[in-house]
Amino acid sequence: MNMMKAVLLDKITDGKNITLSECPVPEVKPGWVLIKVKAFGLNHSEQILRHSEINAPYIQKPVIPGIECAGEVVDPSDTDLKTGQKVIALMGGMGRSFNGSYSEYALLPRRIVFAVDSDLPWEALGAVPETYFTAWGSLFECLHLTKEDTLLIRGATCALGYAAMQIAKALGCRVIATTHKESKLPLIADADEAVIDDGRLTGKIHGVTKALDLIGPRNLKDTLTSVEKGGIVCQTGILGGVYALNGFDPIKDIPNGVYLTGFFSNYPAQQVIDEIFSFLNEKKLVPVSGKVFDFENIQEALTAQDEGTVNGKIVVKV
């Protein structure tokens, strides 16, 4: 257990050029937990790191990417966790401020490691941490979703969109899901209404009480005028490639009686993780993923991410 395989990133790198390297297994230190990584999901955040952010001066290179994982505790150090305990970890600086999950072992601060009670296989657990935490927080902390709601998911053909739709349908909501490509309509067939999004939904859909906007600032004003009075819009994703809304006038651009919020996933907590797994267990839900790759084929997985050939969450099994 002295050496391990990992992705070491030190410059802008496309998925097709990623390779596995040998490096030492991290040494345990107080307040940190050594985890044997069993599975991890790929995220847009890591793609941004590979394609541009790796050049930022605040990232100490080389760095192991990866903002989430599922695995077992190998060495709990001085924490309250136990050897062999099943855990997930996410966010809090993973893969940027310190090494992340694209590796056989990960040394992570206790504050972002969470015990889980689940019999799901590792590849299913690997689809949960960041995606389901973000979906859960968006739907319940921000949108206060109830089974009486009609939920619009704008930009639903992504990992977060699929997770949100699965949770909302299990709750009993009516779901309207959108995609900008007609060829992707079958991917949102589980929605009560599947809509082609040409950038303008106002006047085309009706009865929406809650909206999860995964496109972001590019279409946010239109989302705000697509919900009913008293409705809530949560902006969580930035699939539209526009990261800020210049010239936004809250008084004029937010309709009277409509509420705008957003979800930032950097602060996970054990209570929320427990709620998510309790819901999954109660509803007998298996987390949705697009394709599972073996760790030895990480190059193939990252190439698929870059080329957009997988619909839904890409999971890597270690």
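Heads up: the structure comes first, above all this text.
What comes next is a walk through the structure. Bear in mind that the values here come from a model prediction, so they are computed numbers and not experimental data.

What counts and how
- Residues numbered from 1 in each chain as written.
- Predicted model: local features only at pLDDT ≥ 70, side-chain atom pairs only at ≥ 80, totals over all residues.
- Heavy atoms only, no water.
- Helix = DSSP H or I, 4+ residues; strand = E, 2+ residues; numbered from the N terminus.
- Rg over C-alpha atoms; globule rule 2.2 N^0.38 Å.
- Buried < 20%, exposed > 50% of the residue type's maximum accessible area, 1.4 Å probe, protein only.
- Contact = heavy atoms within 4.5 Å.
- Areas by Shrake-Rupley, 256 points an atom, 1.4 Å probe, with all protein chains shown as cover.
- Axes fitted to C-alpha atoms, helices over the stretch in contact; angles between N-to-C directions.
- Parallel < 35°, antiparallel > 145°, perpendicular 65-115°, else oblique.
- Nonpolar A, V, L, I, M, F, W, Y, C, P; charged D, E, K, R; others polar.
- Salt bridge = Lys/Arg side-chain N within 4 Å of Asp/Glu carboxyl O.
- Patch = residues over 30% accessible without salt bridge, like charges linked within 9 Å, V, L, I, M, F, W, Y side chains within 5 Å.
- Lys, Arg positive; Asp, Glu negative; His and termini not counted.
- Charge placed at Lys NZ, Arg CZ, Asp CG, Glu CD.
- Disulfide = S-S within 2.5 Å.
- Expected span 1.5 Å × (residues − 1).
- Arc of directions from axis to C-beta.
- Phe/Tyr/Trp six-rings, centres within 6.5 Å; stacked < 30°, edge-to-face > 60°.
- Lys NZ or Arg CZ within 6 Å of the ring centre and 35° of its normal.

1. Brief notes about the overall build of the protein chain
In terms of helices and strands, the protein chain carries eight helices and 15 strands. In terms of C-alpha radius of gyration, the protein chain reaches 20 Å, essentially the compact-globule figure of 20 Å for 318 residues. Based on the C-alpha atoms only, the size of the protein chain along its principal axes is roughly 60 × 40 × 35 Å. For the protein chain, buried positions account for 54% of its 318 residues. Of the contacts formed within the protein chain by residues at least 6 apart in sequence, a portion of 70% connects residues at least 24 apart. By element, 49% of the accessible surface of the protein chain is carried by carbon and sulfur atoms, the whole surface being about 14100 Å².

2. Here we look at unusual backbone geometry
Omega for the bond connecting Lys61 with Pro62 falls within 30 degrees of zero, at 0°, which places this linkage in the cis form. Mapped onto the secondary structure, Pro62 falls in the loop between helix H1 (44-51) and strand S4 (68-75).

3. With respect to the packing of H1 against helix H8 (residues 298-307)
Across the interface, H1 lies against H8 with an axial gap of 11 Å and an inter-helix angle of 95°. The angle between H1 and H8 places the two elements in the roughly perpendicular class. On the side of H1, the interface is formed by His44, Gln47, Arg50 and His51, while H8 contributes Leu302, Gln305 and Asp306. Residues that form the contact of H1 with H8 fall into these classes: one nonpolar, four polar and two charged.

4. Some points on the pattern of salt bridges
Enumeration over the complete set of coordinates arrives at 14 salt bridges. Across the pair Asp10 and Lys11 runs a salt bridge whose closest N-O atoms are separated by 3.8 Å. Owing to a relative accessible area of 52%, Lys11 belongs among the exposed residues under this scheme. In the salt-bridge network here, residues are joined through shared partners; they are Arg154, Asp197, Arg200 and Asp222.

5. Structural notes on a negative patch on the surface
Taken together, the side chains of Asp117, Asp119, Asp274 and Glu275 define an acidic patch exposed on the protein surface. Tracing the chain through its elements places Asp117 in the loop between strand S7 (113-115) and helix H2 (122-125). A residue is classified by how much of its surface remains accessible, and Asp117, at 65% relative accessible area, is exposed.

6. Topic: the environment of Val33
Mapping Val33 onto the fold places it in strand S3 (residues 32-41). With a relative accessible area of 0%, Val33 lands in the buried category. Separated by 70 residues in the primary sequence, Val33 and Ser103 place their C-alpha atoms 15 Å from one another.

7. Notes on the state of the cysteines
By the definition in use, this model includes zero disulfides. This cysteine, Cys142, is not joined by any disulfide, and Cys234 carries the nearest cysteine sulfur, 4.2 Å off. The thiol of Cys158 is not disulfide-bonded; the next cysteine sulfur, from Cys234, is found 13 Å away. On the basis of relative accessibility, which here comes to 15%, the residue Cys158 falls in the buried class.

8. Description of helix H7 (residues 270-283)
Between its terminal C-alpha atoms H7 stretches 20 Å, which fits the 20 Å expected from 14 residues at 1.5 Å a residue. Residues Ile273, Ile276, Phe277, Phe279 and Leu280 constitute the buried set of H7. Around the axis of H7, the buried residues are gathered within 155° of arc, so they sit on the same side. Exposed residues lying more than 90 degrees from the buried face of H7 are Gln271 and Glu282. Where H7 is buried, its residues contact strand S5 (86-90), S7, H2, helix H3 (129-142) and helix H4 (159-171). Two residues or fewer after H7 comes Lys284, characterised by a positive phi angle close to 55°.

9. Comments concerning the packing of aromatic side chains
Centre distance and the angle of the planes are the two values used to describe a pair of aromatic rings. Using the criterion set out here, one finds seven aromatic pairs in the structure. Where Phe40 meets Tyr102, the ring centres are 4.9 Å apart and the plane angle is 20°; that geometry is what we call stacked. With Phe40 in strand S3 and Tyr102 in the loop between S5 and strand S6 (105-109), this residue pair connects regions lying 62 residues apart in the sequence. Neither residue differs from the other here; Phe40 and Tyr102 are each classed as buried. An aromatic cluster is present here, built from Phe40, Tyr102 and Phe295 joined pairwise through their rings. Across from the ring centre of Trp32, 4.1 Å away, lies the NZ or CZ of Lys29, which sits over that ring. Positioned above the aromatic ring of Trp122, the side-chain terminus of Lys86 is 5.4 Å from the ring centre.

In short, geometric facts, not functional conclusions.
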